[in-house]
Amino acid sequence: MKLETLMSIKERRSVRSYRKEQISSEELNAVLEAGTYAASGMGRQPAKMVVVQEPELIAKLSKMNADVMGADSDPFYGAPTIVIVFADTNAGTWLQDGSLVMGNLMLAAYAVGLGSCWINRAKETFETPEGKALLAKWGLDPEKYIGVGYCILGYPAPNGTRTPGPRKAGYVLHV
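Residues numbered from 1 in each chain as written. Predicted model: local features only at pLDDT ≥ 70, side-chain atom pairs only at ≥ 80, totals over all residues. Heavy atoms only, no water.

Draft legend 1. Structural detail: the pairing of strand β2 (residues 81-88). Here β2 lies mainly inside the structure; eight of its eight residues are buried. Side chains Thr81, Val83, Val85 and Ala87 of β2 all project onto a buried face; the interleaved residues Ile82, Ile84, Phe86 and Asp88 project onto the opposite face, where all are buried too. Here six bridges tie strand β1 (residues 47-52) to β2, and the two strands are oriented antiparallel to one another. When the bridges of β2 are listed, valine 50 appears paired with isoleucine 84. Looking at chain direction, β2 and strand β4 (residues 145-154) are connected through eight bridges and run antiparallel. By the bridge assignment, isoleucine 84 is partnered in β4 with tyrosine 150. (Buried < 20%, exposed > 50% of the residue type's maximum accessible area, 1.4 Å probe, protein only. Helix = DSSP H or I, 4+ residues; strand = E, 2+ residues; numbered from the N terminus. Pairing = 2+ DSSP bridges.)

Okay, structure coming up:
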């Protein structure tokens, strides 16, 4: 049995406060490689990952994301690295495929000692004219690719991780 994998699944938590220090290239590459091994419908691999580490661009994306919420806070919690997962909508399983990439990224981050969190509103952010312009700038067809999620990465700050609550009763039904 691969108990280490099961323990990682149980122990990984979303991190909502990060140190400013940038993650290493080795850590980032390990996390990204894990994303490329996510399962996908019929093995089509329709997801794309865009890595953002430039502080000015992170700030711009943070504001765009916050605008979708109608908030003025930082939805990226100060993380120094953002991996945006997109998927090709021509694949009927684009949402599931992109979600599996997100899951692999977060588990791999935990495995290499990084904190991570899935941040929503990538779809809405990249449906805006400004978001579509960024997609085109990055070489992704804005009519074809849709945002699945932002995976924020970094070194957890003290008290940046919450203790998990108990699992809800009735989570699993045996029929």
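Draft legend 2. Local environment of the pattern of salt bridges. According to the stated counting rule, one finds six salt bridges in the structure shown. Linking lysine 132 and glutamate 143 is a salt bridge whose minimum nitrogen-to-oxygen distance equals 3.6 Å. Of this pair, lysine 132 sits in helix α6 (residues 129-137) while glutamate 143 sits in the loop between α6 and β4, placing them 11 residues apart in sequence. (Salt bridge = Lys/Arg side-chain N within 4 Å of Asp/Glu carboxyl O.)

Draft legend 3. How the structure looks around a nonpolar patch on the surface. On the surface, Leu3, Leu6, Ile9 and Leu107 cluster together into a nonpolar patch covering about 340 Å² of accessible area. The element best represented in the nonpolar patch is helix α1 (residues 3-11), accounting for three residues. (Patch = residues over 30% accessible without salt bridge, like charges linked within 9 Å, V, L, I, M, F, W, Y side chains within 5 Å. Areas by Shrake-Rupley, 256 points an atom, 1.4 Å probe, with all protein chains shown as cover.)

Draft legend 4. Region of the structure containing the environment of lysine 137. Among the secondary structure elements, lysine 137 is positioned in helix α6. Sequence separation between lysine 137 and aspartate 74 is 63 residues; the distance between their C-alpha atoms is 24 Å.

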